[in-house]
Amino acid sequence: MNAENVKKGVYLVGLILIVLVGLLAVNIFNIEEKASGVISTKNVSMFNENFSAGVLNAQTWQITREGDFKESIIDVYDADPSENIDSRLRLGMNTIGTRDDTVKFEGVKSVEKVNFSDGKEISFDLNWNNQSNGCYLTGSVYLCPIATNGNPEDETDWIKFEYVGVPPGQNARSVIANKIDGKPRLLYADGWPEGRTGRKIADQHIKIILDDKSFKILENSNELYASPLSDLNFTSAYIYLQMSSHSNYPLREIYFDNVVVTKRTQ
Ligand SMILES: [Ca+2]
Ligand SMILES: [Ca+2]
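What you are looking at is a predicted structure, and each value in this text was computed from that prediction instead of being measured.

**Here we look at the overall build of the chain**
Phase 1: The helix and strand inventory of the chain stands at 1 helix and 16 strands.
Phase 2: Scored against the burial criterion, the 266 residues of the chain give a buried share of 30%.
Phase 3: Considering only residue pairs separated by 6 or more positions, the chain has 66% of its internal contacts joining residues 24 or more positions apart.

Structural data, given as structure tokens:
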């Protein structure tokens, strides 16, 4: 083999290596693109659901319901009326003519638990969908270590962030509460009951920051609540996205999107 051939051989091997590395990079990129709705091994984003699959992924979410409904909708919906696609989780219910002694609950629960022990941020978008009458309507996220197909509020341990429609119905207020060993505790009520007017909400971006020392909630990047100790007796929980309504309300829908769990970096 002469020097020229050796040179050619080295070039060829180099070229093959470059192509292989390129293919590998493309594949890694594709795997990340497809990470929607699955718990990945990436150390930053543990869970990332943007509902872009267009259907509710049964490997990620399980449906929850409690009470009677005239109509109950739990699906993935294109919330953009134009040709653009804006896939979100849609929770809707019509409670006309249903039992007036119960509140009706529905939503989805994550199939897997999220472990908070080393510090996590859980963020999501909740679109209140410009309710013309949001009275006795709630949109909530529960973190609860107990699995149920019903209402997580009935379980003995949880923490929740919630919006509640305020009469006469255009406004809402936020509620932060927990339940530890069966004892419910209101942590934040957004000025209620002194201030009863509530406020206008739209597509809200909520971030819950939890670690072994603190518990914080940010609403549209503003700190809504901070406490030095979360005093939770659990370090991992299912994520529940929920809606509730009293009886005798026509179809009302809210949307959830971009449910992301990340490991805290600071
Ligand atoms: Ca989406
Ligand atoms: Ca559309």
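Picking up after the structure, the text goes on.
**Overview of unusual backbone geometry**
Most peptide bonds are trans, and most residues other than glycine sit at a negative phi.
Phase 1: Residue Pro-168 follows Pro-167 across a cis peptide bond; omega there is 5°.
Phase 2: Relative to the elements of secondary structure, Pro-168 occurs in the loop between strand 9 (158-166) and strand 10 (171-180).
Phase 3: At the junction of Trp-192 and Pro-193, the peptide bond is cis and its omega measures out at 5° in the coordinates.
Phase 4: Within the fold, Pro-193 resides in the loop between strand 11 (183-188) and strand 12 (203-210).
Phase 5: Backbone geometry places Tyr-136, a non-glycine residue, at a positive phi of 55°.
Phase 6: A tally of 19 C-beta atoms within 10 Å means that Tyr-136 is categorised as partly exposed.

**Focus on the pairing of strand 15 (residues 236-245)**
Phase 1: For strand 15, the tally of buried residues reaches 9 of 10 residues, placing the bulk of the element in the interior.
Phase 2: Pairing geometry for strand 5 (residues 104-110) and strand 15, over 6 bridges, is antiparallel. Counted as the bridge partner of Gly-107 is Gln-242 from strand 15.
Phase 3: In terms of strand pairing, strand 6 (residues 114-115) meets strand 15 through 2 bridges, oriented antiparallel. Paired with Asn-115 across the two strands is Ser-236, which belongs to strand 15.

**With respect to the environment of Glu-106**
Phase 1: Topologically, Glu-106 is positioned in strand 5.
Phase 2: By C-beta crowding, Glu-106 is classed as buried, having 23 other C-beta atoms within 10 Å.
Phase 3: Each C-alpha atom of the pair Glu-106 and Leu-91 lies 7.4 Å from the other, and the pair is 15 residues apart in sequence.
Phase 4: When residues no more than four places from it in sequence are discounted, the contact partners of Glu-106 are Thr-64, Arg-65, Ser-72, Ile-74, Leu-91, Met-93 and Met-243.

**What to know about the environment of Val-260**
Phase 1: Summarising the element assignment, Val-260 is placed in strand 16 (residues 252-263).
Phase 2: The exposure class of Val-260 is partly exposed, given the 16 C-beta atoms found within 10 Å.
Phase 3: Separated by 53 residues in sequence, Val-260 and Lys-207 have C-alpha atoms that sit 9.2 Å apart.
Phase 4: Excluding anything up to four places from it in sequence, Val-260 contacts Ser-45, Phe-47, Asn-48 and Ser-123.

**Focus: the environment of Asn-258**
Phase 1: Within the secondary structure, Asn-258 is located in strand 16.
Phase 2: Along the chain, Asn-258 and His-205 lie 53 residues apart, while their C-alpha atoms are 9.2 Å from each other.
Phase 3: Apart from residues no more than four positions distant in its own chain, Asn-258 is found in contact with Asn-50, Phe-124 and Asp-125.

**Concerning the confidence of the model for the chain**
Phase 1: Across the chain, the average pLDDT comes to 88, with 86% of residues at 70 or higher.
Phase 2: Overall, residues 28-43 carries pLDDT values under 50, and its contacts beyond four positions in sequence, including any with other chains, amount to 17 contacts.

**Overview of the pairing of strand 9**
Phase 1: Of all 9 residues in strand 9, 8 are buried; the element is thus mostly enclosed.
Phase 2: Taken together, the 6 bridges between strand 8 (residues 137-144) and strand 9 define a ladder with antiparallel strand orientation. Looking at the pairing, Leu-143 lines up with Ile-159 of strand 9.
Phase 3: In this structure, strand 9 lies alongside strand 10, joined through 9 bridges in antiparallel fashion. Bridging across to strand 10, Tyr-163 finds its partner in Ser-174.
Phase 4: Between strand 9 and strand 10, which follow one another and run antiparallel, lie 4 residues, and Gly-169 among them has a positive phi close to 130°.

Calculation rules
- Residues numbered from 1 in each chain as written.
- Chains lettered and ligands numbered in written order.
- Predicted model: local features only at pLDDT ≥ 70, side-chain atom pairs only at ≥ 80, totals over all residues.
- Helix = DSSP H or I, 4+ residues; strand = E, 2+ residues; numbered from the N terminus.
- Buried ≥ 20, exposed ≤ 12 C-beta atoms within 10 Å, placed from the backbone.
- Contact = placed C-beta atoms within 7 Å.
- Pairing = 2+ DSSP bridges.
- pLDDT = per-residue confidence, 0-100.

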